[in-house]
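Structure at a glance
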Amino acid sequence: RCVQETGINAEYMGKSLFLRNSPLKQMLKNLNAFKLSKLLVGLPQKQARANFGSVSTESYHESQTSSLDQDLILVDENDRVISRKNRKDAHLNSYIDKDGKPHRAFSVFLFNQHNQLLLQQRASYKITFPLYWTNTCCSHPLYIEDESNEQDNIGVRLAASRRVEYELNLKIQPDEFRLISKALYKSKSCSVWGECEVDYILFVKKNYDSTLVNFNPYEVGAVRWVSASDIKPFLLNKAVTKDEQTTPWLKGIMKYKLFDWWNQLNRTNDVTKVQLDDLTKVVPLSE
């Protein structure tokens, strides 16, 4: 039942269940520290710190804290670059609530040959919105030369390629992602952490097996392929029966135009024929 529902293979399902249930959990975490660094797809990592300013991160796994001092790209509400801010500070409500500027982000929507969308449940280790269901992959381009490159949005597409491989072990070339829209949203995860992002909505279609995804259990708790008619009942069932909620950005994108775009994809079977928004503008989302 677990394999059918989550779509993971036996190797990663075993790891995930072992992580959650074994009394040797701490030993496994230590053994995987080196492996984890290898999974970061060649990106230089700074050493994890247990405390950033007044906010303690001691309760979080190092898979999350090791990247908190990476710099993100701060932008205004029209996606014009302002400056940079480290990942930790950019996600603190104390910063966001004091007229904090959004940072650039992306949301990948991966469709298979049947035009089913791959959803992921964020891992319990995540600092913001743990165990929430969301779209295929959500993250940020970094404030580094390659991922700050705005020509043809290559920086964001490079970051999306990097993170999809890291989180889901799927290799997608940067030029395969199609930017559909840019959206602005802000939402609190808890009293300490939140999101404030200009989100690049990226579509991609690949002929992937609809059952097996070798995801990284430090980032992803489960996955599920869904059709356009299945996504709302699936997410509602998860919320009602298991108290597994949906991320605010996915809710906002669903309310905005996701089903219009998805219907176009179902008609044409081609993401390049999905009508784009005006990419010079940023659309405010609401849940």
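Whatever comes next refers back to the structure up there.
This one's a predicted model, so the numbers in the text were calculated from it and none came from an experiment.

Reading guide: rules and limits
Residues numbered from 1 in each chain as written. Predicted model: local features only at pLDDT ≥ 70, side-chain atom pairs only at ≥ 80, totals over all residues. Heavy atoms only, no water. Helix = DSSP H or I, 4+ residues; strand = E, 2+ residues; numbered from the N terminus. Salt bridge = Lys/Arg side-chain N within 4 Å of Asp/Glu carboxyl O. Phe/Tyr/Trp six-rings, centres within 6.5 Å; stacked < 30°, edge-to-face > 60°. Buried < 20%, exposed > 50% of the residue type's maximum accessible area, 1.4 Å probe, protein only. 1 Å grid on protein atoms, 1.4 Å probe; cavity = no way out; pocket = protein on both sides within 12 Å on 5 of 7 lines; lining within 4 Å. Points joined across faces, edges and corners; volume = space filled by probe spheres on them. Nonpolar A, V, L, I, M, F, W, Y, C, P; charged D, E, K, R; others polar.

1. Remarks on the environment of Ile201
- Checked against the element boundaries, Ile201 lands in strand β10 (residues 194-205).
- Along the chain, Ile201 and Ser181 lie 20 residues apart, while their C-alpha atoms are 5.3 Å from each other.

2. Re the pattern of salt bridges
- Across all of its chains, the model carries 14 salt bridges by this definition.
- For Lys206, the salt bridge identified is with Glu176, shortest N-O distance 2.7 Å. Residue Lys206 is found in the loop between β10 and β11 (220-226), and its partner Glu176 is found in the loop between α8 (154-168) and β9 (178-188); the two are separated by 30 residues along the sequence.
- Overlapping salt bridges bring together Asp79, Arg104, Glu150 and Lys182 as one network.

3. Quick notes on the packing of aromatic side chains
- On inspection of all chains with the given rule, the structure shows 12 aromatic pairs.
- Between Tyr125 and Tyr218, the aromatic rings sit 5.4 Å apart at their centres with planes inclined by 50°, giving tilted as the arrangement. Within this pair, whereas Tyr125 is found in the loop between β6 (117-122) and β7 (133-134), its partner Tyr218 is found in the loop between β10 and β11, the two being separated by 93 residues in sequence. Like Tyr218, Tyr125 is buried.
- Every member of this aromatic cluster is reached through a ring pair, and the members are Phe109, Phe111, Phe203, Tyr256, Phe259, Trp261 and Trp262.

4. Looking at empty space enclosed by the protein
- Across all of its chains, the model carries two cavities of 30 Å³ or more by this definition.
- Here the largest cavity is characterised by a volume of approximately 420 Å³.
- Taken together, 32 residues form the lining of the largest cavity, with Gln64, Arg87, Lys126, Ser139 and His140 sitting closest to its centre.
- Of all the secondary structure elements, the ones that give two or more residues to the lining of the largest cavity are α4 (62-65), β5 (103-111), β8 (137-139), α8 and β10.
- Top element by residues in the lining of the largest cavity is α8. It accounts for four residues.
- Within the lining of the largest cavity, the residues separate by chemical class into 11 nonpolar, 11 polar and 10 charged.
- In this structure, the second largest cavity occupies an estimated 30 Å³ of space.
- What lines the second largest cavity is simply Gln120, Arg122, Lys126, Cys138, Glu167 and Glu219.
- When grouped by side-chain class, the residues that make up the lining of the second largest cavity number one nonpolar, one polar and four charged.

Geometric descriptors of this kind do not, in isolation, establish any biological role.
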